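# Structural overview
Here are the chains, one letter per residue:
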Amino acid sequence: VTKAPPLTREDLLAFDRDDPLAHVRDEFDINPDVVYLDGNSLGVPPRGVAQRVAAVIEEEWRGGLIRSWNAAGWIDAPARVGAKLARMLGADGDEVVVADSTSVNLFKLLTAALRTRPGRHVVLTEDANFPTDLYIADGVASLLRSEGVSVRRVPRERLPDALDDSVAVLYLTHAHYTTGRLHDMRALTEAAHRVGALALWDLSHSAGAVPVDLHAADADLAVGCGYKYLNGGPGAPAYLFVARRLQESLEAVLPGWMGHAAPFEFSATYRPASGVLRHLCGTPPIISLAALEVAVDLWLRIDMTAVRSKSMRLCDLFIALVDERCAAHGFEVVSPRDATVRGWQVSLRHDEGYAIMQALIDRGVIGDFRAPDVMRFGFAAPYTRHVDVWDAVDALCVVMERGLWREPRYATRAAVT
Ligand SMILES: Cc1ncc(COP(=O)(O)O)c(C=O)c1O
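Residues numbered from 1 in each chain as written. Predicted model: local features only at pLDDT ≥ 70, side-chain atom pairs only at ≥ 80, totals over all residues. Heavy atoms only, no water.

### Thoughts on the overall build of the chain
Note the threshold: Strands are runs of DSSP state E lasting at least 2 residues, helices are runs of H or I lasting at least 4, and numbering of each runs from the N terminus. Our radius of gyration is a C-alpha quantity, and the globule rule it is checked against amounts to 2.2 Å times the number of residues to the power 0.38. Partly exposed describes any residue whose relative accessible area lies between the buried limit of under 20% and the exposed limit of over 50%, with all areas from a 1.4 Å probe on protein chains only and scaled to the type maximum. It only takes one pair of heavy atoms within 4.5 Å for two residues to be counted as in contact. Residue-level accessible areas treat just the shown protein chains as cover; the underlying method is Shrake-Rupley with a 1.4 Å probe. Counted as positive: Lys and Arg. Counted as negative: Asp and Glu, with His and the chain ends omitted from the count. By convention, charge coordinates are those of NZ in Lys, CZ in Arg, CG in Asp, or CD in Glu.
Within the chain one finds 14 helices and 13 strands. The C-alpha atoms of the chain give a radius of gyration of 22 Å, which matches the 22 Å a tight globule of 417 residues would have. Dimensions along the principal axes, computed over C-alpha positions, put the chain at roughly 70 × 55 × 45 Å. Within the chain, the proportion of its 417 residues that are buried is 56%. Of the contacts made within the chain by residues no fewer than 6 positions apart, 73% connect residues no fewer than 24 positions apart. Summed over all atoms, the accessible surface of the chain reaches about 18,000 Å², with 54% contributed by carbon and sulfur. Across the chain, the 44 positively charged side chains and the 54 negatively charged ones have centroids separated by 1 Å.

### Observations concerning the packing of helix 2 (residues 49-64) against helix 11 (residues 286-299)
Operational definition: Between N-to-C directions, angles cover 0 to 180 degrees, with each direction set by a line fitted to C-alpha atoms, over the stretch in contact for helices. For any helix crossing, the convention is left-handed if the near helix is rotated counterclockwise from the far helix by under a right angle, and right-handed if that rotation is clockwise.
The interhelical angle for the contact between helix 2 and helix 11, taken along N-to-C directions, is 140 degrees, at an axis separation of 9 Å. Between helix 2 and helix 11 lies a crossing of right-handed hand. Packed against helix 2, whose contacting residues are Val49, Arg52, Val53, Val56, Ile57 and Trp61, the element helix 11 presents Ile286, Ile287, Ala290, Ala291 and Val294 at the interface.

### A short note on the site of the ligand
Note the following rule: Consider each residue's heavy atoms; a residue with any of them within 4 Å of a molecule or strand counts as near. Think of a polar contact as two N or O atoms within 3.5 Å of one another; within protein, one of them needs to be a possible hydrogen donor and the other a possible acceptor, and neighboring residues in sequence only count if both atoms come from side chains. Buried and open spaces are told apart on a 1 Å grid over the protein atoms alone, a cavity being a set of points where a 1.4 Å probe fits but cannot get out and a pocket being an open set with protein on both sides within 12 Å along at least five of seven lines. Residues with an atom within 4 Å of a point are the lining residues. Think of it this way: if more than half of a molecule's atoms are within 2 Å of a pocket's grid points, that molecule is in the pocket or cavity.
If you check the shell around the ligand, you find Ser101, Thr102, Ser103, Phe130, Thr132, Asp133, Thr173, Asp202, Ser204, His205, Tyr227 and Lys228 and nothing else. In the environment of the ligand, an oxygen atom lies 2.4 Å from a nitrogen or oxygen atom belonging to the side chain of lysine 228. When the free accessible area of the ligand is taken as 400 Å², the share hidden by the protein chains comes to 86%. A majority-of-atoms criterion places the ligand in the largest pocket.

### Notes on unusual backbone geometry
Note: most residues except glycine have negative phi, and most peptide bonds are trans. Look at the link from alanine 371 to proline 372: it is a cis peptide, with omega at 5 degrees. Tracing the sequence through the fold places proline 372 in the loop between strand 12 (368-370) and strand 13 (374-378). For aspartate 100, which is not a glycine, the phi torsion comes out positive at approximately 50 degrees. Mapped onto the elements, aspartate 100 comes out in the loop between strand 2 (96-98) and helix 5 (102-115). The backbone of aspartate 218 shows a phi angle near 60 degrees, a positive value even though the residue is not glycine.

### Section: the nonpolar core
The criterion, for reference: Side-chain atoms within 4.5 Å are what join buried Ala, Val, Leu, Ile, Met, Phe, Trp, Tyr and Cys residues into a set we call a nonpolar core.
Within the largest apolar cluster, 98 residues are counted, with the highest numbers of intra-cluster contacts made by Leu203 and Leu214. No other element matches the 10 residues that helix 12 (residues 304-325) contributes to this core. Leaving out residues up to four positions away in the same chain, leucine 203 has contacts with Leu89, His174, Met185, Val212, Leu214, Ala222, Val223, Gly224 and Tyr239. Leu144, Ala168, Leu240 and Val253 belong to the second largest nonpolar core, which has 31 residues in total.

### Some details on the packing of aromatic side chains
For clarity, the threshold we go by: Pairing of aromatic side chains here covers Phe, Tyr and the six-membered ring of Trp, requires ring centres within 6.5 Å, and sorts the geometry by plane angle: under 30 degrees stacked, over 60 edge-to-face, intermediate tilted.
Inspection of the entire model under this criterion finds 10 aromatic pairs. Judged by centre distance (5.3 Å) and plane angle (90 degrees), the rings of tryptophan 69 and tryptophan 74 are edge-to-face. Centroid distance phenylalanine 318 to phenylalanine 379: 5.0 Å. Interplanar angle 50 degrees. Geometry classified as tilted. Of this pair, phenylalanine 318 sits in helix 12 while phenylalanine 379 sits in the loop between strand 13 and helix 14 (386-401); the two residues are 61 residues apart in sequence, bridging distant segments of the chain.

### Thoughts on the sheet that holds strand 9 (residues 332-333)
Heads up, the condition is: Only strands joined by at least two bridges in the DSSP assignment are considered to pair.
With respect to topology, 4 strands assemble into an open sheet ordered 9-10-13-12, the strand pairing being antiparallel. Since the sheet does not close on itself, it has two edges, and those belong to strand 9 and strand 12, each with one partner. Looking at chain direction, strand 12 and strand 13 are connected through 3 bridges and run antiparallel. Bridge pairing links arginine 370 to valine 374 in strand 13. Across the sheet, helix 12 touches strand 9, strand 10 (345-349) and strand 13, and the angle it forms with strand 10 is around 25 degrees. Most of the contacts of helix 13 (residues 353-362) go to strand 13, to which it runs at about 40 degrees, and overall it touches strand 12 and strand 13.

### Observations regarding the layout of surface pockets
The following threshold applies: Grid points are joined across faces, edges and corners, and a volume is the space filled by probe spheres set on the points. When residue character is reported, Ala, Val, Leu, Ile, Met, Phe, Trp, Tyr, Cys and Pro are called nonpolar, Asp, Glu, Lys and Arg charged, and the others, Gly included, polar.
Size it by volume and the largest pocket reaches roughly 500 Å³. Along the walls of the largest pocket sit 32 residues, with Ser41, Phe130, Tyr227, Lys228 and Arg370 positioned nearest its centre. At the level of elements, helix 5, helix 6 (131-143), helix 13 and strand 12 are the ones that each hand at least two residues to the lining of the largest pocket. Looking at side-chain class alone, the lining of the largest pocket contains 11 nonpolar, 13 polar and 8 charged residues. By volume, the second largest pocket amounts to about 290 Å³. In terms of lining residues, the second largest pocket is bounded by 15 residues, among which His174, Asp184, Met185, Arg186 and Pro211 are the most central. Residue assignment for the lining of the second largest pocket shows that the elements contributing at least two residues are helix 8 (185-194) and helix 9 (214-217).

### Observations regarding the pairing of strand 5 (residues 167-173)
Defined as follows: Seen with the strands pointing away from the viewer, any crossover whose path from the first strand over the helix to the second strand runs clockwise is right-handed.
Most of strand 5 is tucked away: 7 of the 7 residues are buried. Pairing of strand 3 (residues 122-126) with strand 5, which is carried by 4 bridges, proceeds in the parallel orientation. Along strand 5, the bridge assignment pairs threonine 125 with tyrosine 171. Pairing of strand 5 with strand 6 (residues 198-202), which is carried by 5 bridges, proceeds in the parallel orientation. Residue pairing across strands places valine 169 opposite leucine 198, the latter belonging to strand 6. Since strand 5 and strand 6 lie parallel, the crossover through helix 8 that links them has a hand, and here it is right-handed.

### Description of helix 12
As a reminder of what qualifies: Helix span is expected to be 1.5 Å times the residue number reduced by one.
Across its 22 residues, helix 12 extends 31 Å between first and last C-alpha, which sits within 8% of the 32 Å expected from 1.5 Å per residue. One side-chain oxygen at the N-terminal end of helix 12 lies 2.9 Å from the backbone nitrogen of threonine 305; it belongs to aspartate 303.

What follows is the structure, given as structure tokens:
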């Protein structure tokens, strides 16, 4: 077998010329001075978002004032944007609503789910789940301790064996935040259903990154983040999904007025809105919702199958180039090498990962760092070029070969890494 010749920068430029998604990059407002590989933490702004937000402020807020709750459709925005998002999630429009943060939505749905499973007390999760997911589960368990609720944390490979008839909720993140490794949502949901448990999925690292089909997986409940892969802007509101079959039995655990059947009756008694809308709590953040809606409208025009195959290829190329060009520098690829079980990020482990990432950022290649030692590189297919992969690895080689990461200023950790 003859070995393929090493890739060159020209090869990657040629891949860009043949890229069916190349034109989609123009739909985003890209900072041309950097190679941005952190859309898994904060997506770039869609083109048009600044104009839309300015119009909301100028026309709807300054001009329309309070009238805009009706006239500009502000009051319907959580359901309207949720219905659009549902199309990306393989759900129906009335199963998704935009609300709160992912953490708050995890609290609401986990608590509500436990209430539908009296006699079962265990929340089963992966021990390496995202910290907020773990903290919220522990918080819920501590609130419901008198009812015997507890959290069972196990390594991911032991999840199927840990499912038994004490489990009320299987509570997982679909794509892992450090490695990008995907769970088999369908198989695990089926296993949860076999023992009579519900499955609650955190889609923060999958919606927008990989095709998601909640109906095909028969998922019960899901939540996810608006500011990462979906490009909704810093602190964009999150979303939640409740399968229609559960909607009427699932109580609102934070029964705020926006989840009331008729908030403007100002009744002293809570009456839940029907369906998923009862999980709204307080007044929606209209300016952030407007930005998110621009992003979701853009996503609905993007071919997700093409996104998936391009991001698999970008990640494969990154791994191949790191193997080929950085072998001497002690990086360990901690993301799966098998693209079919990986989202669109590649993580490298290195003892000096924080300093190396800071040195890279100073050279215009932006990824991020997750303690204790993982550097994350996200390859958002809608706006990342193949040549960006080359340039990122090139910068990594320079940082390592010249020891640039050793500069003392890179040793001090910032508040956000
Ligand atoms: C898997 C996962 N869930 C939840 C969150 C946090 O969500 P929020 O800040 O909306 O509460 C994150 C943030 O990185 C995450 O990666």
